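# Inside the fold
Given next are the chains, with one letter for each unit.
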Amino acid sequence: MNIMRNLLGLPALASAQGGQVDSLIGWTHVFMFILFVGWGGFFAYCLVRFRRSRHQAADYTGVKSHASNYSEVAVAVIEAILLFGFSIPLWAARVDRVPSESEALVVQVTGEQFAWNVHYAGPDGVFGRTDIKLLDLQENPLGLDRTDPAAKDDVTTLNQLYLPLNRPIIVKLRSKDVIHSFNLPEFRVKQDAIPGFTIPVWFTPNVTTAEMRTRTGNPEFQYEIACAQLCGLGHYRMRGFVTVLDAGEFQKWMDAEEAKLKEQAGDIWR
Amino acid sequence: MSQPGAVVVPASHDAHEAHHEELGFWRKYVFSVDHKVIGIQYAITGLLFLLFGFSLMMLMRWQLAYPGAALPLLGRILGEARMPGGTMLPDFYNELGAMHGTIMVFLGVVPLAVGGFGNFVLPLQIGAPDMAFPRLNMLSYWAFFLGGVTMLASFLVPGGAAQSGWTSYAPLSVLAGAGQTMWLIGMVFLITSSLFGAINFITTTIQLRAKGLTFMRFPFFVWAQFVTAFLLLLAFPPLEAAAVLQLMDRLAGTSFFLPSGLVVSGQVLTVAGGGNPILWQHLFWFLAHPEVYVLILPAMGIVAEIIANNTRKPLWGYRSMVYSLIFLGFMSFIVWAHHMFMTGMGTAMAAFFQTTTMIISIPSVVILTALIISLWGGSIRFNTPMLFALGFLPMFGIGGLTGLPLGLNVADIPLHDTYYVIGHFHYVVAPGTIFALFAGIYYWFPKATGRRMNETLGKIHFLGSFVCMNVVFMPMFLMGLAGVSRRLYDGGATYAFAQPVLHLNVVSSWGAWILAIFQIPFIFNFFWSIWKGEKTEENPWQATTIEWASPSPPPHGNFLAAPEAYRGPYEYSVPGAAKDFVPQYEA
């Protein structure tokens, strides 16, 4: 599979589920290649063999055998295998078998022109109330109501998604304004963020950013979030970053964010 | 005109003369009701729009190959609002993108394939004196023309033309500037024009066919136009309705496509709310998927005619091709949501639409296979129309095959909305459909003008275009596999993961610019041949179908005597016949 991945030039792979996606892409391309070479070979042979200078009089009937029917049936059968054997069950696993929220990390990601707002529930595991009236582009882009007890420990970041290694992540996608598409090339994740809807998408990152830096030999390597749906004049620069940390380091990062929150809350009281 | 086969055609040349007084310039060439003049009007307007849409793309390709670099000279002409100091602004890039797609599809290919070839060739091929409703036909062209003018004028309104993609997804499109309003009004004209045309094609095909021309004696091109007309008739009204709804959202304060609670640039949007952005996508793609077949079926029709003629043998598997065509037309109505796999679709709906998508590939495979097998045992003439028709086969093959991973929605996850998609549908439409349209122009040019186009220039045009098309579009598959999104103003330069494939943008761009140079021999050949081309008799290709029974160019009323069909459309190299073709119209 690695050979196929390199041959097709797919991005590096960093999620537990992405391997199946790559396999389906790989085998479909093998099938396409065989069909193209088969048809193309027959086509080229006909052009050479039956050119007018060599074949003066055409044959009224042409091909008498029905071999082409078998090739058409073969195409249908292989497509059916790709469809019922792989694509439909794999999609069902992604959409219907979302891991339970107790074992997974749930993150809310809200797209807007042209940034990704990331929202963690914090230690209490409950997302705080948001209110459109509290919304402020600089200070409070999500309109989070810090007076709500559940909101006190909520961590928000802009364009930075920190994730723990080997734990299922459920991203609940939303959009404030227009349709965006949350695209994580290395994790083989893509999902539209559509205003008016909250759409979950899940995956399990299995390579840390540090590990990927070693593998690629690029000390500056970063996983990226790329908007994949035209969302206005800044669509091309609607870029975010994903940092995958092992469980301990992720906890450290979360603790530091919590400490910052306490400090800010303290400021208000002083 | 009520009985099929009982066509009222002037019985003799004298009667024909007696019917028509000489028309003035305006009624003969501009406000004409003659299907041939209308067909040529459609074709020339369509070709001009193809050139214009291609030019928009060449400008975009500059920005993609050299993001942020100032474009000398042309940049200054386009002005400060679009290209200050010669550097393209993102808004202008998005305008070019949206209008390239819109113009190529709705103002270029469809008018040429259906309005041009359908109008000119179909009545001749079925032996009809004209379309069933000549005035409706004229109205169809002028509605199209107004739609085109509206689209062109939209570049001049404040804020420029539409810039939300040719798909015009809400809410982005609803929130966009005045150009989007123009786009919607333009679409209403264009769709109305298509409806008029569709009604006319269906009626004409059923009612005005020559005596003896049963359905299974139709040339494949007639079948293709006939099925296409049903797609236009049934698929376009939903988009017309959707366009009016979006217009209401923009102008009347409704919220068909806007949910409540939108916040744009930090400001809460005061709209009625309660609408659904996905509704637009369903309505749009309910039209736009059949639209793909509106682009491809007439192309298949043209290619089939030319292959039969230049292999000098009947099409192999004509009946299964016809049944596949009808099945394709039907299936094209129930695959649309495969464009929407990433909207959060559940298993049942995704399973349905991928299954229909896989099923629709089968009739396409049958038609393509039949066309290739038709070559076996032929005596193949490699003239210019044949070269383009042959070029169509592998190019459409690549376009069709690359649809497979996109149609399987798990494989589609990384590929959706990337350059892979752009490569895929351009292979279908550009070296696919447009090659077929070129083939058709070279093939029927002698019928329209009485003169042939130059073969040497035609072959230069073909070879250059064939190579360049692949240089433009093949790299897009690699960019898409690497994950580069489409519609990026800088071609992906922002993203680290795109860096290894960015140089392919330069390859594509140069391919496009050189492709433009190879269109010059065609443009020159086209105009030069109208006046100076080698004169031909009425049937220069020694073809069998009925259009070749009329004089070249055909007079008003088309035929000197009402033609009759005595046999199938492709009786080439019949064993025991005196010559290698037995025309359909010879007793």
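In this text the structure is predicted, and so the values were computed from the model without any measurement. (Residues numbered from 1 in each chain as written. Chains lettered and ligands numbered in written order. Predicted model: local features only at pLDDT ≥ 70, side-chain atom pairs only at ≥ 80, totals over all residues.)

## Observations regarding the overall build of chain A
The cut-off we apply is this: The helix and strand labels rest on DSSP assignments: H or I over at least four residues marks a helix, E over at least two residues marks a strand, and numbering proceeds from the N terminus. All radius of gyration figures rest on C-alpha atoms, and the globule criterion is 2.2 Å times the number of residues raised to 0.38. Residues are called buried when their C-beta atom has 20 or more other C-beta atoms within 10 Å, exposed when it has 12 or fewer, and partly exposed otherwise; all C-beta atoms are positioned from the backbone. Contact between two residues is assigned when their C-beta atoms, built from the backbone, lie within 7 Å.
What chain A contains, in helices and strands, is 5 helices and 10 strands. Here the C-alpha radius of gyration of chain A, 26 Å, is well above what a compact globule of 270 residues would show, namely 18 Å. Along the first, second and third principal axes, the C-alpha set of chain A runs to 100 × 40 × 35 Å. A burial count over chain A gives 37% of its 270 residues as buried. In chain A, once contacts between residues fewer than 6 apart in sequence are set aside, the share between residues at least 24 apart is 65%.

## With respect to unusual backbone geometry
Following Gln113 of chain A, the chain continues to Phe114 of chain A via a peptide bond in cis, the omega torsion being 0°. The residue Phe114 of chain A is located in the loop between strand S1 (105-112) and strand S2 (115-120) in this model. Geometrically, the link from Ala170 of chain B to Pro171 of chain B is a cis peptide bond, its omega value of 0° lying close to zero. Summarising the element assignment, Pro171 of chain B is placed in the loop between helix H6 (134-153) and helix H7 (172-175). Despite not being glycine, Asn159 of chain A has its phi angle at roughly 60°, a positive value. Within the fold, Asn159 of chain A resides in the loop between strand S3 (155-158) and strand S4 (160-164). When the 15 C-beta atoms within 10 Å are taken as the criterion, Asn159 of chain A is described as partly exposed. Look at Arg188 of chain A: it is not a glycine, yet its phi comes out positive at around 55°.

## Quick notes on the nonpolar core
The cut-off we apply is this: The nonpolar core criterion groups buried Ala, Val, Leu, Ile, Met, Phe, Trp, Tyr and Cys residues into a set whenever they are joined through C-beta atoms within 7 Å. Annotation comment: domain bounds sourced from an automatic or database domain assignment.
In this structure, Val303, Phe388, Ala389, Phe392, Ala436 and Ala439 of chain B are the most contacted members of the largest nonpolar core, which totals 258 residues. Examining the composition of this core, we find that 21 residues originate from one element, helix H10 (residues 277-311) of chain B, more than from any other. Two domains share this core, each providing at least three of its residues, namely domain 1 (2-96) and domain 2 (105-269) of chain A. Residues within four places of Ala439 of chain B in sequence aside, it is in contact with Ile302, Val303, Ile306, Pro385, Phe388, Ala389 and Phe392 of chain B.

## Regarding the domain arrangement of chain A
Residue and element names in this part refer to chain A. Definition in use: Residue polarity follows a fixed list, in which Ala, Val, Leu, Ile, Met, Phe, Trp, Tyr, Cys and Pro are nonpolar, Asp, Glu, Lys and Arg are charged, and the others, Gly among them, are polar.
Each domain of chain A was delimited in the assignment, giving domain 1 (2-96) and domain 2 (105-269). Taking only C-alpha atoms into account, the centre of domain 1 sits 40 Å from that of domain 2. Contact with domain 1, which involves 9 residues of that partner, is made by 13 residues of domain 2. Across the side of domain 1 that touches domain 2, the residue classes tally to 6 nonpolar, 3 polar and no charged.

## Some points on the pairing of S2 of chain A
All names here are of chain A. Going by this rule: A pair of strands is treated as paired once DSSP finds two or more bridges between them.
For S2, the buried fraction is high: 5 of the 6 residues fall into the buried class. Relative to S2, S1 runs antiparallel, the two being bridged by 6 bridges. Bridging across to S2, Glu112 finds its partner in Ala115. Hairpin remark: S1 followed by S2, antiparallel, with 2 residues in the connecting loop. Sheet topology note: the S2/S3 ladder contains 4 bridges and is antiparallel. For Val118, the partnering residue across the bridge sits in S3 and is Thr157.

## What to know about helix H13 (residues 384-401) of chain B
Applied cut-off: What a helix is expected to span follows from its residue count: subtract one and scale by 1.5 Å.
With 18 residues, H13 of chain B extends 26 Å from end C-alpha to end C-alpha; this agrees with the ideal 26 Å at 1.5 Å per step. Within H13 of chain B, 18 of the 18 residues are buried, which leaves the element mostly enclosed by the surrounding structure.

## Describing the packing of helix H8 (residues 178-207) of chain B against helix H9 (residues 220-251) of chain B
All names here are of chain B. Note the following rule: Whenever a helix is involved, its axis is fitted only over the stretch in contact; in every case the axis is a line through C-alpha atoms, and angles between N-to-C directions fall within 0 to 180 degrees. Angles are sorted into four bins: roughly parallel if under 35 degrees, roughly antiparallel if over 145, roughly perpendicular if 65 to 115, and oblique for all others. Crossings are assigned a handedness: left-handed for a near helix turned anticlockwise from the far helix by less than a right angle, right-handed for a clockwise turn.
One way to put it is that H8 packs onto H9 with a least axis distance of 8 Å and a crossing angle of 155°. By the angle between their directions, the pair H8 and H9 is classed as roughly antiparallel. At the point where H8 passes H9, the crossing takes the left-handed sense. Of the residues in the contact of H8 with H9, the class split is 21 nonpolar, 7 polar and 2 charged.

## Comments concerning the sheet that holds S1 of chain A
Residue and element names in this part refer to chain A. An order of S3-S2-S1-S5-S8 is seen for the 5 strands of this open sheet, with the pairing classed as mixed. Among the strands making up the open sheet, the edge pair consists of S3 and strand S8 (199-203). Each strand axis lies, on average, 25° off the axis of its neighbour in the sheet, ignoring direction. Both strand S5 (residues 169-175) and S8 contribute to a ladder of 5 bridges, which runs antiparallel. Following the sheet pairing, Ile170 is matched in S8 by Trp202.

## What to know about the interface of chain B and chain A
Between chain B and chain A, the contact holds 82 residues from the first and 78 residues from the second. Residue contributions to the side of chain B that touches chain A peak at 13 residues, all from helix H12 (residues 347-373) of chain B. Split by residue class, the side of chain B that touches chain A holds 47 nonpolar, 27 polar and 8 charged.

## Thoughts on helix H3 (residues 35-65) of chain B
With 31 residues, H3 of chain B should cover 45 Å at 1.5 Å per step; its first-to-last C-alpha distance of 44 Å lies within 8% of that length. When you tally the buried positions in H3 of chain B, you get 22 out of 31 residues, the bulk of the element.

## Notes on the pairing of strand S7 (residues 189-193) of chain A
Residues and elements named next belong to chain A. Here S7 lies mainly inside the structure; 5 of its 5 residues are buried. Residues of S7 alternate between two faces, with Val189, Gln191 and Ala193 on one and Lys190 and Asp192 on the opposite face, all of them buried. The pairing of strand S6 (residues 180-184) with S7 spans 5 bridges and is antiparallel. Within S7, the residue paired with His180 across the bridge is Ala193.

## So, the sheet that holds S7 of chain A
All names here are of chain A. Taking strand neighbours across the sheet as the criterion, the 5 strands line up as S4-S10-S9-S6-S7 in an open arrangement whose pairing is mixed. Each end of this open sheet is capped by a strand with a single partner; those strands are S4 and S7. Here the average twist between neighbouring strands, direction ignored, is 25°.

## With respect to the environment of Ala228 of chain A
One can find Ala228 of chain A in the loop between strand S9 (223-227) and strand S10 (239-245). Expressed as a C-alpha distance, the spacing of Ala228 of chain A and Gln108 of chain A, which sit 120 residues apart in the sequence, is 18 Å. Not counting residues up to four positions away in its chain, the partners in contact with Ala228 of chain A are Ser181, Asn183 and Lys190 of chain A together with Asp417 and Ser485 of chain B.

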